[in-house]
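# Tertiary structure, described
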Amino acid sequence: QFLASHIPHTQILSTTSDQFTPRKDQCERILATILGESDPLYATALKNIGEVYDKKGEYVKALEYFHKCERIQATVLRESHPSYANTLNNIGSVYSKDNKGEYVKALEYYHKCERIRATVLGESHPHYATTLKNIGLTTQLLSTTSDSLRQ
C-alpha cells in the first residue's frame, strides 16, 4: 500500500520530462506486476501519475491516466465510492482548464461527481461544496465562451 500511494510527487515534479517518463514507466510496471492491473492501489498510483502530468500542464497525458484510474475504480470500487468521485472531479478539472476549453465535458464529469458526493458524503460535506463551486465556475466559463462566440 505504501508504494502505490506514495509515488514521490515532489521529486517527480522537480524532474524534467525525460527523467520522469522512465521512472514513471518503471513504477507503473512494478505496480502492475505486484498488485495487478485491477487493484485499487494500482488505480491510486495511476491517479498520482495523472496528478503529476496535470501539475506539469500535460493535460492529454493527465487525462490518459485519470481515465485508466476511472475504469479500474468503476469496476473494482463501484461508481458510488468517494475515490471514484474524486477521480471524476480530477477529470472534470482537466477538461475545464485544458486550452481547448472542453467545458461541456468538464460539466458532465462534475455532475457525475456531484451526484455521488451528495449521496455518499452528504450535501453538508466540504467536498460536495467544492464540486458545486467547480460546476458554477465551469458553467460561467462556458457561458462566457458562448457569449464571445456569438459576437
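The rules we used
Residues numbered from 1 in each chain as written. Predicted model: local features only at pLDDT ≥ 70, side-chain atom pairs only at ≥ 80, totals over all residues. Heavy atoms only, no water. Core = buried A, V, L, I, M, F, W, Y, C linked by side-chain atoms within 4.5 Å. Buried < 20%, exposed > 50% of the residue type's maximum accessible area, 1.4 Å probe, protein only. Contact = heavy atoms within 4.5 Å. Axes fitted to C-alpha atoms, helices over the stretch in contact; angles between N-to-C directions. Helix = DSSP H or I, 4+ residues; strand = E, 2+ residues; numbered from the N terminus. Parallel < 35°, antiparallel > 145°, perpendicular 65-115°, else oblique. Left-handed = near helix turned anticlockwise from the far one by under 90°. Nonpolar A, V, L, I, M, F, W, Y, C, P; charged D, E, K, R; others polar. pLDDT = per-residue confidence, 0-100. Expected span 1.5 Å × (residues − 1).

## Digging into the nonpolar core
Counting 28 residues, the largest nonpolar core has Y42, L46, L88, I91 and Y95 as its most contacted members. Every residue in contact with I91, bar those within four places of it in the chain, is listed here: L63, F66, H67, E70 and Y109.

## Considering the packing of helix α4 (residues 40-55) against helix α5 (residues 59-76)
Close contact between α4 and α5 brings their axes to 8 Å; oriented N to C, the two are set at 160 degrees. By the angle between their axes, α4 is roughly antiparallel relative to α5. The handedness of the crossing between α4 and α5 comes out as left-handed. Note on element contacts: α5 touches α4 through Y59, K61, A62, Y65, F66, K68, C69, I72, Q73 and V76, opposite P40, Y42, A43, L46, K47, I49, G50, E51, Y53 and D54. Considering only residue class, the contact of α4 with α5 consists of 13 nonpolar, 2 polar and 5 charged.

## Here's the deal with the confidence of the model for the chain
With 80% of its residues at a pLDDT of 70 or more, the chain shows a mean pLDDT of 85. Across residues 1-14, confidence stays below pLDDT 50; counting only partners more than four residues off in sequence or on other chains, it has 27 contacts.

## Concerning helix α7 (residues 103-120)
Taking 1.5 Å as the rise per residue, α7 with 18 residues should run 26 Å; its terminal C-alpha atoms sit 25 Å apart, in good agreement. Y103, A106, L107, Y109, Y110, C113, E114, I116 and R117 are the residues of α7 that are buried. Looking one or two places after α7, you find G122, whose phi comes out positive at around 95 degrees.

## Observations concerning the side chain of N90
Position of N90 relative to the elements: it lies in helix α6 (residues 82-97). Since its relative accessible area comes to 17%, N90 is described here as buried. With residues up to four places along the chain from it excluded, the contact list for N90 reads K47, E51 and F66.

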